[in-house]
Amino acid sequence: MAAVELTVCRLCARSRPDIWKTLARLRAEYPHELCIVELDCMAACDDVPAIMIDYDYVPRITPQQLIELVEARLNGKEEIGKTSQR
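Summarised in this report is the structure supplied together with it. This is a predicted model, so every value here is computed, not measured. (Residues numbered from 1 in each chain as written. Predicted model: local features only at pLDDT ≥ 70, side-chain atom pairs only at ≥ 80, totals over all residues. Heavy atoms only, no water.)

**Looking at the environment of Arg16**
Relative to the assigned elements, Arg16 resides in the loop between α1 (10-14) and α2 (17-29). In contact with Arg16, other than residues within four places in its own chain, are Val48 and Pro49. (Helix = DSSP H or I, 4+ residues; strand = E, 2+ residues; numbered from the N terminus. Contact = heavy atoms within 4.5 Å.)

Below is the structure:
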C-alpha cells in the first residue's frame, strides 16, 4: 500500500462528529499508511466537510465516500481526479 495524506480543517472536522469518527477509524486501521494533517483553516467553509486526499480536493464528502476514496487510494485502484461526481 502507498502512503496517503489527508488534510482537514481541524475546526470543521471536529464540528462534524461523523467525519471526526471516520478519520479516527481510518487512523486506527491504517496507522502506517495514512497521515492526517490538521490545519487551523483550509478556506473551505462553503464545502464542509471538505478534505484533501494527497493533492485532490474533495468537497462535501460523506463518511462512506471518505472511506471508499482512502481505501481505493491506498490500494492504488482509483485516481480521485477521475472519479464521477459525488
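Still more to cover.
**Structural notes on the sheet that holds strand β1 (residues 4-9)**
Strand order in the open sheet made by the 4 strands is β2-β1-β3-β4, with mixed pairing throughout. Here the strands that pair on one side only, and so sit at the sheet edges, are β2 (34-39) and β4 (56-58). For this sheet, the mean inter-axis angle between neighbouring strands, taken without regard to orientation, is 20°. As judged from the 6 bridges shared by β1 and β2, these two strands associate in the parallel manner. (Pairing = 2+ DSSP bridges. Axes fitted to C-alpha atoms, helices over the stretch in contact; angles between N-to-C directions.)

Keep in mind that these numbers describe shape and distance, not what the molecule does.
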